[in-house]
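Spelled out from the first residue to the last, the chains are:
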Amino acid sequence: MNAKLRRTSSVVVVLVLVLAGALVQSFGGNAAAQSNSEGTLQGTWRVQINPINCQTGAPLPSFSALVSYARGGTLTEVTNSQAFLPGQVTPGLGVWSHTQANAYKAVWEVFILFDTPPTVPGFPFKRGVQRLMRDIEVDGDQMTFNASSQFFDSNGNPLFATCASGTGTRFEGGQDED
């Protein structure tokens, strides 16, 4: 009788463990799968930025960028904005987070390494930091966003702000099939 009770108890314990594993997989496993599925922010995106003067609404020149949103919530951005001189800004580094459904927030900074010389036409950027903030909506392989950025001099004093809207497409590289 003792051996039969132990065998039945062992079967019950195994069944409980299997059911617990199935519940964990159906809840926790599904959340992990969703965080990596299409329609989420993680990955590299080609984005088109349409900045405006926040106070007047006047449009500023549009430009594109590549932004990589890494697992764990970090991001890297490189831009080809003609507003900056070659080598004037560093790549952007920052963080992103999921807010709800297909919505995300991102914050990052770039260093402006030198003042725009007074002889160069365009906006006179000062050595310092640009801090960028973006509210993002993802729909499959497409995104839309609203953004703002604040410029600071090298002492941390605010200089001016810009606003922007934009769109993005998930970066898909060609892959060789073997």
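Bear in mind that the values here come from a model prediction, so they are computed numbers and not experimental data.

Scoring rules and cut-offs
Residues numbered from 1 in each chain as written. Predicted model: local features only at pLDDT ≥ 70, side-chain atom pairs only at ≥ 80, totals over all residues. Heavy atoms only, no water. Pairing = 2+ DSSP bridges. Helix = DSSP H or I, 4+ residues; strand = E, 2+ residues; numbered from the N terminus. Polar contact = N/O pair within 3.5 Å; in protein donor to acceptor, adjacent residues only side chain to side chain. Axes fitted to C-alpha atoms, helices over the stretch in contact; angles between N-to-C directions. Buried < 20%, exposed > 50% of the residue type's maximum accessible area, 1.4 Å probe, protein only. Contact = heavy atoms within 4.5 Å. Disulfide = S-S within 2.5 Å.

Asks: I would appreciate a short explanation of the pairing of strand β3 (residues 74–79) in the present structure.
Replies: Here is the key point about a regular strand: its side chains alternate between the two faces of the sheet. The pairing of strand β2 (residues 63–69) with β3 spans 5 bridges and is classified as antiparallel. Each residue of the ladder has a partner; that of A65, found in β3, is T79. If you look at the hairpin formed by β2 and β3, you'll find 4 residues sitting between the two strands, and G72 has a positive phi there, around 100°. As paired elements, β3 and strand β4 (residues 92–100) share 4 bridges and run antiparallel to each other. Bridge pairing links E77 to G92 in β4.

Asks: Would you explain the environment of W45 in this entry?
Replies: Note that W45 resides in strand β1 (residues 43–52). Here the side chain of W45 touches L41 through a polar contact of 2.8 Å, landing on its backbone oxygen.

Asks: Explain the sheet that holds β2 to me, please; I cannot follow it from the model alone.
Replies: The strands that make up a sheet are held in pairs by hydrogen bonds between backbone atoms, and each pair lies either parallel or antiparallel. One closed barrel accounts for 8 strands, arranged β1-β2-β3-β4-β5-β6-β7-β8; its pairing is antiparallel. Ignoring strand direction, the axes of neighbouring strands in this sheet form an average angle of 30°.

Asks: Explain the pairing of strand β5 (residues 103–112) here, please?
Replies: Where β4 lies against β5, 7 bridges are found, and the strand directions are antiparallel. Across the sheet, L93 pairs through a bridge with E109, a residue of β5. Counting the residues between successive antiparallel strands, the hairpin from β4 to β5 contains 2 residues, one of them, A101, with a positive phi of roughly 40°. In this structure, β5 lies alongside strand β6 (residues 128–139), joined through 10 bridges in antiparallel fashion.

Asks: Just to check I follow, could you spell out the environment of S64 for this structure?
Replies: Tracing the chain through its elements places S64 in strand β2. Owing to a relative accessible area of 28%, S64 belongs among the partly exposed residues under this scheme. Spatially, the C-alpha atom of S64 lies 9.4 Å from that of G166, the residues being 102 residues apart in sequence. The contact partners of S64, leaving out residues within four places of it in the chain, are V47, Q48, I49, T79 and N80.

Asks: When you look at the state of the cysteines in this model, what are you seeing that I'm missing?
Replies: Put plainly, two cysteines are in a disulfide when a covalent bond ties their sulfur atoms together. For the structure on display, the rule yields 1 disulfide. Covalent S-S linkage joins C54 and C163, the inter-sulfur distance amounting to 2.0 Å. Between C54 and C163 the sulfur-sulfur dihedral comes to about 115°; the bridge is accordingly right-handed. Residue C54 is located in the loop between β1 and β2, and its partner C163 is located in strand β8 (residues 158–170); the two are separated by 109 residues in the primary sequence.

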